[in-house]
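Letter by letter, the chains look like this.
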Amino acid sequence: MKLIYVIRQIIVSIIAFSILIWAFFQNQWIGKLIISPFLICSIAIFFENLFLLFHKEKISNVFKYIFRISFFVYVFGLLLYAIYYAIVKKSYSFLIIIGIFMIGVIRFFKMAFFKNK
C-alpha cells in the first residue's frame with residue numbers, strides 16, 4: 001500500500017513540476033519569484049518519494065526538510081508582504097488577522113522542525 005502511495009506522489013510531483021516549469025517561463029520576474037518555492041517543493045517531493053522507493057530514508061529525509069524550508073519561506077514571505085501591505089494601506093485591523101495566522105504558522109513551524117522526543 002505504501003508503494004502505491006509513493007508512486008502516486010512521484011507521478012503527481014512530475015505533473016506539478018511540468019505545469020510549474022511551463023508557468024515559470026511564461027511569467028515575468030515577479031511571477032517567477034512567486035512560482036520558485038512551488039518548483040522547489042515539487043522537486044523535493046519527487047526526490048523524497050524517489051529515495052523512499054529505493055529505501056534510502058536518510059536521503060529522503062533531507063528532501064523532506066528541503067520541502068519544509070521552501071514551504072515556510074513562501075508562507076513567511078507572504079505574511080511579511082501582507083504586513084507591509086496592511087501598514088502601507090493603513091489597514092491596521094488587517095494586522096490582527098495576520099497576527100493570528102503568524103501565530104499558527106510559527107506553531108506549525110515548531111512542530112515541523114522541533115519535534116519533542
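Computed from a prediction, not measured in an experiment: that's the story for all the values here. (Residues numbered from 1 in each chain as written. Predicted model: local features only at pLDDT ≥ 70, side-chain atom pairs only at ≥ 80, totals over all residues. Heavy atoms only, no water.)

Report on the overall build of the protein chain, specifying residues and quantitative values.
Of regular secondary structure, the protein chain possesses four helices and zero strands. Along the protein chain, helices and strands appear, N-terminal first, in the series α-α-α-α. Relative to the 2.2 N^0.38 estimate, which gives 13 Å for 117 residues, the radius of gyration of the protein chain is 17 Å and therefore markedly larger than a compact globule would have. With the C-alpha coordinates of the protein chain rotated into their principal frame, the extents come out at 55 × 45 × 20 Å. Counting only residues that meet the buried cut, the protein chain has 26% of its 117 residues in that class. A sequence separation of at least 24 residues applies to 56% of the contacts in the protein chain between residues at least 6 apart. Of the roughly 8900 Å² of accessible surface on the protein chain, a fraction of 75% belongs to carbon and sulfur atoms. (Helix = DSSP H or I, 4+ residues; strand = E, 2+ residues; numbered from the N terminus. Rg over C-alpha atoms; globule rule 2.2 N^0.38 Å. Buried < 20%, exposed > 50% of the residue type's maximum accessible area, 1.4 Å probe, protein only. Contact = heavy atoms within 4.5 Å. Areas by Shrake-Rupley, 256 points an atom, 1.4 Å probe, with all protein chains shown as cover.)

Can you explain helix α4 (residues 92-113)? Please cite residues and give values.
Over its 22 residues, α4 extends 31 Å from the first C-alpha to the last, a length consistent with the 32 Å expected when each residue adds 1.5 Å. Residues of α4 that are buried include every one of I98, M102, V105, A112 and F113, and no others. Along the axis of α4, the buried positions cluster into a sector of 85°, meaning they face one direction only. Turned more than 90 degrees from where α4 packs its buried face, S93, I96, I100, I103, R107, K110 and M111 sit exposed. (Expected span 1.5 Å × (residues − 1). Arc of directions from axis to C-beta.)

Quick rundown of a nonpolar patch on the surface? Include the residues and the values.
A cluster of nonpolar side chains, namely Y81, Y84, Y85, V88, F94, I97 and F101, defines an oily patch on the protein surface of about 740 Å² accessible area. When residues of the nonpolar patch are traced back to their parent elements, those giving at least two are α3 (57-88) and α4. Residue contributions to the nonpolar patch peak at four residues, all from α3. (Patch = residues over 30% accessible without salt bridge, like charges linked within 9 Å, V, L, I, M, F, W, Y side chains within 5 Å. Salt bridge = Lys/Arg side-chain N within 4 Å of Asp/Glu carboxyl O.)

Provide a residue-level description of the packing of helix α2 (residues 29-53) against α3, including the pertinent values.
Remark: α2 packs on α3, axes separated minimally by 8 Å, with the N-to-C direction vectors making an angle of 165°. The pairing of α2 with α3 is recorded here as roughly antiparallel in orientation. Classified by chirality, the crossing of α3 by α2 is left-handed. Facing I34, P37, F38, I40, C41, A44, I45, F47, E48, F51 and L52 of α2, the residues of α3 in contact are E57, I59, S60, F63, K64, I66, F67, S70, F71 and Y74. Considering only residue class, the contact of α2 with α3 consists of 16 nonpolar, two polar and three charged. (Axes fitted to C-alpha atoms, helices over the stretch in contact; angles between N-to-C directions. Parallel < 35°, antiparallel > 145°, perpendicular 65-115°, else oblique. Left-handed = near helix turned anticlockwise from the far one by under 90°. Nonpolar A, V, L, I, M, F, W, Y, C, P; charged D, E, K, R; others polar.)

If you had to explain the nonpolar core to someone new, which residues and values would you point to?
In this structure, F72, V75, L79, A82, A86, I98, M102, V105, A112 and F113 together form the largest nonpolar core, which totals ten residues. In contact with F113, not counting residues within four places along its chain, are Y65, R68, I69 and F72. Among the nonpolar cores identified, the runner-up in size contains five residues, and L20, A23, I35 and L39 belong to it. (Core = buried A, V, L, I, M, F, W, Y, C linked by side-chain atoms within 4.5 Å.)

Residue-level account of the packing of aromatic side chains, with values.
Per the stated rule, a full pass over the model turns up 18 aromatic pairs. When the centroid spacing of 6.4 Å and the interplanar angle of 15° are considered together, the rings of F67 and F71 count as stacked. One end of the pair is F67 and the other is F71, both in helix α3 and four residues apart, which spans about a single turn. With a centroid separation of 5.8 Å and 55° between ring planes, the pair formed by F72 and F113 is classed as tilted. With F72 in helix α3 and F113 in helix α4, this residue pair connects regions lying 41 residues apart in the sequence. Using a relative accessible area of 4% as the deciding quantity, one classes F72 as buried. Judged by relative accessible area, F113 falls into the buried class, the value being 19%. Within the aromatic cluster, the residues linked to one another by ring pairs are Y65, F67, F71, F72, F76, F108, F109, F113 and F114. Seen from the ring of F24, K32 lies directly overhead, with NZ or CZ sitting 5.4 Å from the centre. (Phe/Tyr/Trp six-rings, centres within 6.5 Å; stacked < 30°, edge-to-face > 60°. Lys NZ or Arg CZ within 6 Å of the ring centre and 35° of its normal.)

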